[in-house]
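Read off the chains here:
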Amino acid sequence: MVTESFFLFIGEVASVFSLLIMPGHKRQPSIEFLELIGVVKENGNEQTSLPPLYTPLSYDYVLVAKTIDNQDREAFKKQTEYIEELEKKNLKVTKIIDDDLVFYGIQGPKAIFEKYRYLLKVSDACNWSSDQNAVPLSTRIRIIHFILNHTPIRSGEGLRDLMKMKVFEARFCLHEKKKQRELKESWARWTACLQGQPITAVRNYFGEKVALYFLWLGWYTYLLIPPAIIGVIVFLYGLAFFNSSPLIKEVCESDTVMCPLCDKGCKVWQLSDTCTYAKVSLLFDNNGTVLFAMFMAVWATLFLEFWKRHRASFVCEWKVSDWCEEEEELILEIVNNVNCEPKEYKHSYLRSTLVLICVTAMILVIIGLTHALVVFRVIAAVLLAEGSWEFLSKYSNSGAMMLGAVLHYLIITVMTRINRIVAMKLCELEKTRSFATTEKSFTVKMFTFQFFTYFSSLFYVAFFLGRINGHPGGYVRISGKWRLEECHPSGCLTDLFIQMAIIMVLKQTISNVFEFTGPWLCRWLKRQRIQKLQRKCAHCYLKDESQAKYGAELCDNCKLRDWLSNYRLNNVDSFSLFNEFLEMVIQFSFTTIFVAAFPLAPLLALINNIIEIRLDAIKMVTLERRMVPKKTNDIGVWTDVLEAIGVLAVIANGLVIGVSSDFIPRLVYRYRFGPCANGTATDIDCMVGYINNTLSVARMDDQSIGNEFSGSQMITSSGLNVSSCRYKDYRSNEDYSLTPQFWLILAVRFAFVILFEHVVVICKFIAAWFVPSAPMQVKNDRLFDKLKRLKEELSSFEV
């Protein structure tokens, strides 16, 4: 069986190389590699030529409005005036009435698309070549979409304004039944979860923007396999020391009495009561996490650099390497109106300052919510400790932490809507020049708000929890009443792990459920409200889109059937794809920034993404109206965001290991204060006594301590009255000042963070330098293509 698999693999490799050496085959090796590993599935025979220029059986766009019987109403007049404006631009408008709905099917004339082709050819926005001499339906839709949005009526109101005024009910471009069925069979189905994606077919149908999203998501998902495996190994490494670790034995077999964790309701407790918590801590706070964090920092860089190579290969195949979004907008402006005036570049320092102040204020509000979350956890811990339920009273801190994580998720859900509204308002305040600029500005603002919403609480848990709470006799309190939380003697990293796990699992699970069931339920409800569609007539059923001649049309009943079926689908807008990108980039942040505290994050992300790819595909192909195909040659500002996350991941993981985890204190104890410090101990584990070394003593005979705890709090669960208790800190037993060991550990922590970050950053730079952002064949192909184009232009000039 192994031999057979080996020969099958050799056969696949041989077939790939045979394709590479075939004369006239121009596919990039990077694309062949992606197909070989299963990220894409082009099969080597994908449609390289675009669809024909004219598709008479399909309309470019459809507008839907409510039927208005009273022709004197303002809405009817505006609707009629808008349609007349479209007809003045020689757009063909077909009107069909169905009960309370009126449909306007819109087709663009040949002249518009010929004008677009010519302007694109003479501009610098297209890597022109001889096989790019047709305008496919996806491009037709984009052109008509632009014209509709930039056609005002006499009062100055455009289509967006008319939609807000309910003059028109809906607007959408139509799905192509044949291609929709092909995509559903090869891509948009659950049984294709482990298969490659037909990226070129997706590009031909949805445009380059959607295709690059799925290409990026597929590559990201494939690259998650190595960190997912290594993360599981790190987890199993901690699991292997469950029963043999001296740290766990010291906690589980200890008779140490710990100080109360809160005022009044809490009593002293046995360190051995938290044996399970100590075991869980060791799963994620062990020596393996250091190497794993370094690996993930370099992995993030390699992921981005190889992504740039694959992107360059595909955009070279699609002939959009030199494409420019702003220049195409200028071309579309001319196509729409020959006498148009260009939108000048403007900059206002006053507006920029105002936007900066508003963004800062919004970030401060989000950080304020984090403070409110801290207060909630502190109060919840007190209330649970004073409650009558013994289990919750015993584990009040853990219960408060989990409740805080759930509340954090609810805050994220609410703030996502608020953040979107604020980001859109700020973009309107900026008065950006073009849609491309607006989209970039919105992306940066929205991601910034979402990042602080997701990670402010996690940064508190990682770097402040248990470090600013004070000590017996000098506790830090909120409003002088509630004590701040403390860390477990085994370390604070488990708190960060639990917080991340709850948010990540809830976010991915609930989001995917709503993302699929929401559109499905909406479509089902629309089907119940609207009468059942008539079957396609035999005459129209036999017509083939590709063979139909110009002027051929479907009958009105079949047109209406097609338009109604598209109308029933869920609406999409300009930012529908943005939502998918934002979700994945936030997940990328979880996977890289605090991976030292949660090594299983890549595994959860991998499982989620395998589902996410098909979920998004099914949603776009079958549950939603067709997105307006957008042309692009990159994922835009998201590349810069991902690179910023990669740098932040280095800093955050260095701080998590150096400051949050017990890696450094254990290292210092092993070589400076433990039984192996003098180099003579041979029959004892070097970490024996570590937990006891991290605990300081609070004596009740000290007046400040006696005032801190009442007599009833110093009685153990067995009824023993104790005169002292222990707490996690490096303080003197006499005057409670910080010991020299504390300062030594602090110095080593800072030294480690600086060393870790410099080493990893150097590795990132070397990795980025070692992997060119574009393959040499891509550069050579572009060079020869430009040379060929210039020669063609010269020959036409000489003739």
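Above this note sits the structure.
Residues numbered from 1 in each chain as written. Predicted model: local features only at pLDDT ≥ 70, side-chain atom pairs only at ≥ 80, totals over all residues. Heavy atoms only, no water.

**What to know about the packing of helix 18 (residues 435-463) against helix 22 (residues 576-593)**
Phase 1: Orientation of helix 18 relative to helix 22, taken along the N-to-C sense of each, is 40 degrees, at an axis distance of 11 Å. Relative to helix 22, the element helix 18 lies oblique. The handedness of the crossing between helix 18 and helix 22 comes out as right-handed. Of the residues in helix 22, those touching helix 18 at Phe442, Thr443, Met446, Phe447, Gln450, Phe451, Tyr454, Phe455 and Leu458 are Phe578, Leu582, Val585, Ile586, Ser589, Phe590 and Ile593.
Phase 2: Across the contact of helix 18 with helix 22, the residue classes break down as 13 nonpolar, three polar and no charged. (Axes fitted to C-alpha atoms, helices over the stretch in contact; angles between N-to-C directions. Helix = DSSP H or I, 4+ residues; strand = E, 2+ residues; numbered from the N terminus. Parallel < 35°, antiparallel > 145°, perpendicular 65-115°, else oblique. Left-handed = near helix turned anticlockwise from the far one by under 90°. Contact = heavy atoms within 4.5 Å. Nonpolar A, V, L, I, M, F, W, Y, C, P; charged D, E, K, R; others polar.)

**Details of helix 2 (residues 29-37)**
Phase 1: Within the sequence span of helix 2, burial applies to Ser30, Ile31, Glu32 and Leu34.
Phase 2: Directly after helix 2, the chain includes Gly38, whose backbone phi takes a positive value near 95 degrees. (Buried < 20%, exposed > 50% of the residue type's maximum accessible area, 1.4 Å probe, protein only.)

**Some details on the state of the cysteines**
Phase 1: The final tally for this structure, using the stated rule, is three disulfides.
Phase 2: The disulfide partner of Cys259 is Cys725, and the S-S distance across this bridge is 2.0 Å. Looking along the S-S bond of the Cys259-Cys725 disulfide, the torsion reads about 85 degrees, which is the right-handed sense. A residue pair is termed long-range when its members are at least 10 positions apart, and Cys259 in the loop between strand 5 (257-258) and strand 6 (269-270) and Cys725 in strand 10 (residues 724-728) qualify at 466 residues. Each member of the pair, Cys259 as well as Cys725, carries the same accessibility label: buried.
Phase 3: Across a sulfur-sulfur distance of 1.9 Å, Cys676 and Cys686 are joined as a disulfide pair. When the S-S torsion is -90 degrees, as for the bridge of Cys676 with Cys686, the disulfide is left-handed. Of this pair, Cys676 sits in the loop between helix 25 (663-673) and helix 26 (690-693) while Cys686 sits in the loop between helix 25 and helix 26, and the two are 10 residues apart along the sequence. The same class applies to Cys676 and to Cys686, which are both buried. (Disulfide = S-S within 2.5 Å.)

**Comments concerning the pairing of strand 9 (residues 695-699)**
Phase 1: With four of five residues buried, strand 9 is to be regarded as a mostly interior element.
Phase 2: The sheet contact formed by strand 9 and strand 10 spans five bridges and is antiparallel. Of the residues in strand 10, the one forming a bridge with Ser696 is Tyr727. (Pairing = 2+ DSSP bridges.)

**Focus on the pairing of strand 3 (residues 101-107)**
Phase 1: Judged by how many residues are buried, strand 3 sits mostly within the fold: seven of seven residues are covered.
Phase 2: A two-sided burial pattern is seen for strand 3, the buried positions comprising Leu101, Phe103, Gly105 and Gln107 on one face and Val102, Tyr104 and Ile106 on the other.
Phase 3: Sheet topology places strand 1 (residues 61-66) next to strand 3; six bridges connect them, and they run antiparallel. Bridge assignment links Leu63 to a residue of strand 3, and that residue is Tyr104.

**Brief notes about the side chain of Lys631**
Phase 1: Among the secondary structure elements, Lys631 is positioned in the loop between helix 23 (601-623) and helix 24 (638-660).
Phase 2: With relative accessibility at 12%, the residue Lys631 sits in the buried group.

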